[in-house]
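Coordinate inspection notes
Okay, here's what each chain looks like letter by letter:
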There are 2 protein chains.
Amino acid sequence: MTRQIRLGVLGCGNVGAALIELIGAQADAIEARTGVRLEVARVAVRNLSAPRDVALPDGVLTRDAHEVVADPTIDVVVEVIGGIEPARELITAALGNGKPVITANKELLANVGAELYAAADEAGVDLLFEAAVAGGIPVIRALRESLRGEPISRVMGIINGTTNFILTKMTEQGTDYAVALAEAQALGFAERDPTADVEGFDAGAKAAIIATIAFGSKVVAGDVYHEGISRVSSHDIAMATRLGYVVKLLGIAEADAATGEVAVRVHPTLVPKTHPLASVRESYNAVFVEGRAVGSLMFYGRGAGGSPTASAVLGDVIDAALNLTNGTHGSLGTFTRAKIRPIDETSAEYLLSMEVADRPGVLHAVTGVFARHDVSIRAAEQEGINPDARLVFITHTAREAAMQATVRELRSLPEVRSVGSLLRVIGG
Amino acid sequence: MTRQIRLGVLGCGNVGAALIELIGAQADAIEARTGVRLEVARVAVRNLSAPRDVALPDGVLTRDAHEVVADPTIDVVVEVIGGIEPARELITAALGNGKPVITANKELLANVGAELYAAADEAGVDLLFEAAVAGGIPVIRALRESLRGEPISRVMGIINGTTNFILTKMTEQGTDYAVALAEAQALGFAERDPTADVEGFDAGAKAAIIATIAFGSKVVAGDVYHEGISRVSSHDIAMATRLGYVVKLLGIAEADAATGEVAVRVHPTLVPKTHPLASVRESYNAVFVEGRAVGSLMFYGRGAGGSPTASAVLGDVIDAALNLTNGTHGSLGTFTRAKIRPIDETSAEYLLSMEVADRPGVLHAVTGVFARHDVSIRAAEQEGINPDARLVFITHTAREAAMQATVRELRSLPEVRSVGSLLRVIGG
């Protein structure tokens, strides 16, 4: 027996149009497989006469999104508008009206996700958001469901396609940052104002959502420490390559089982070439999960784009439709505010390069600074760059605060001409 | 409000013991997060006095598995015995008694999975089996749920850790097959009789399960064409490396959208070095999924081992427990028998090497054989191996039947001394 599910779609940009097209193509197969018939009943847009990639029957388009979420004939609401308002208001209204909501809105969830999850629980309906993190990759479902019982210690993700594209070009073609960025912009992988991507804000929002779901405690975008890739030089990349590493912008969420503290950060990271994250190229995304029982897992795929994102939305829509039919819904549980470990108190291995005067006693002076701050050196390399020398150090695990103090003191040494990027290193 | 769920575990080997230990460690966290308290109430074993890695309270162990599946106080049954009987009989009885069942039994599902899925549906309870394919990697859930609406065209997996370990050693250390196999056996990655792994039977069973779930039509182990890795030579590996490929044993399930035919095969495959599957090393597994909307996805992790497998079982146990609490269950729908495309009618690119007499006209004679069978050559290489020559060809996409006919005719040519491995090639 088929159950008809009427969808109200808020927004008809890339993702909305791809979703409507995909539902048109797949509705028969979905019905055969699940007994649910999906119908795109209403689509709310800002401008009724804007050109669209998808054809819709008369009467489906409306300018009134509030009317859609209030419409008693609408069973499930899909929000693909983005941004905080009016998305929050509309989602809250839909949940309040007992309608399951699917959203792809990372900005919203990274800021007020926990409140919305609680609102959904209270209303007894689904709030699903696979598409908000890493586009088409089903990592949220894995964290929410498959790994619900797994003691997860760390999640590391390449969760911004723009920066991964840029870093891939810099690595494989020896391109400068500015040139790679321009190429990404020309190909439509980067915005005209690339700040949100290249400075790590976009990855930070996704990392906050991942941390919340992985550790079951509320982390918001403002909790995430971030450094972007705009200061990564082609010299950094070349050095990483020589030492057997690839530079990736990683979002890293860690939980300390002993203290319950959570640390979430985004920064350029040296990844060993044999690590699975190292082989994630171009604009692809991947999320690497470490658990005590399951070991290492990685989820790889398209992190953006209308069609992969629509695929993730559709998976959630079917889920919500089936749950509605069965009179049930998925719950995320309740979230208490995470105890955030400040970046100063986190630990990592670091790579630090600097240019120094090439004369007796310099290496001794420089290594003395590391020793004074209790930062232990794992590998060192000196290369002559006439008349100066370049020193590269990789440390053992050290505290961020100690490392930052080391950098500050090194900058003040008369023998040190300049201190380059400080890059974190992950193990193999 | 907490709901107590009493588990009956059938079997207490590696996976069973790891599951019981994991539940002991995680029960509080799971209860806090889901409101479900898991209790290992009964554990059926063959030998009550065998040494065990896990401590159990008095009265939990029993030799009578039938009693466990009939016990009205048992809520959920976990089957980690393996093999077809008595596992089938016990699972069928448990489902008939209205108990959700979690199984890690690939052999069983690859042979009678569709019947068991139907029995579960009829009984209105869950039958979950994440652990049966690729151990701790949550790929079954992704296929069952996230990708339910996705038009999947192909799934390719490294789904046998033993053979991936052996191929990794051969590739990275230039080891011969026999030496790598012996190392795998010494490390416990391969059985004393390695046939099931190295000849592709194990991967074939998992590929049948994957194909059934991905395409929604019943595929059994006997439908899967398989070639193992025992005839892959270190020369094949060296040649693959030189040409920019890695040799992997892949399980490949393809669906033809036009005809509805499904082809499932396991064979050594040349994977381009830049393909995500190429970076899956050692005993790790990975499953690569291609869909029209979602593009390429890959799921990577530990494909075997007590602890990762137990993690997958636990995810399913929590799912079944929550569904039971909500009075619902997941359904796989009904499966009609797949139309299997015979291996002769499948298409691939091929790499073929041969040793030939080094004299005028030989290349002409050899290429004539390819042309007669309508097999188009994409790349060719000749190297002198005094007094003979070695020829290596990579074809464009060709039909298996045509390729096999080409090989047969080449073998009959007087100029051809020997024909080496025929290896399929996947694109980048």
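Residues numbered from 1 in each chain as written. Chains lettered and ligands numbered in written order. Predicted model: local features only at pLDDT ≥ 70, side-chain atom pairs only at ≥ 80, totals over all residues.

1. Some details on the overall build of chain A
Scanning chain A for helices and strands turns up 13 helices and 20 strands. For 428 residues, the compact-globule formula gives about 22 Å, and the C-alpha radius of gyration of chain A, at 24 Å, lands near that figure. Projected onto its principal axes, the C-alpha coordinates of chain A cover approximately 85 × 45 × 35 Å. Each of the 428 residues in chain A was classed as buried or not, and the buried ones make up 54%. (Helix = DSSP H or I, 4+ residues; strand = E, 2+ residues; numbered from the N terminus. Rg over C-alpha atoms; globule rule 2.2 N^0.38 Å. Buried ≥ 20, exposed ≤ 12 C-beta atoms within 10 Å, placed from the backbone.)

2. A short note on the interface of chain A and chain B
The interface of chain A with chain B comprises 45 residues on the first partner and 45 residues on the second. In terms of residue count, helix 11 (residues 306-326) of chain A provides more of the side of chain A that touches chain B than any other element does, nine residues in total. Each residue belonging to the side of chain A that touches chain B can be placed in one class, and the counts come to 18 nonpolar, 18 polar and nine charged. Examined bridge by bridge, strand 13 (residues 295-302) of chain A and strand 13 (residues 295-302) of chain B share five bridges and lie antiparallel to one another. Bridging across to strand 13 of chain B, Leu297(A) finds its partner in Gly301(B). (Contact = placed C-beta atoms within 7 Å. Nonpolar A, V, L, I, M, F, W, Y, C, P; charged D, E, K, R; others polar. Pairing = 2+ DSSP bridges.)

3. Some details on the domain arrangement of chain A
By a widespread convention, an interface's size corresponds to the accessible area lost as its parts come together. As assigned here, chain A comprises domain 1 (3-136 + 306-332), domain 2 (142-302) and domain 3 (344-425). The distance between the C-alpha centroids of domain 1 of chain A and domain 3 of chain A comes to 52 Å. (Domains from an automatic or database assignment.)

4. Quick word on the relation of the copies chain A and chain B
Applying a rotation about an axis and a shift along it to one chain copy brings it onto the other copy. For the pair chain A and chain B, the best superposition has an RMSD of 0.0 Å and corresponds to a rotation of 180° with a translation of 0.0 Å parallel to the axis. This pairing of chains is accounted for by a two-fold axis. Among all residues of chain A, the one whose C-alpha sits closest to the rotation axis is Phe299(A), at a distance of 2.4 Å. The share of interface residues of chain A whose copies in chain B are also at the interface is 100%, consistent with both copies meeting through the same surface. (Least-squares fit on C-alpha atoms with pLDDT ≥ 70 in both.)

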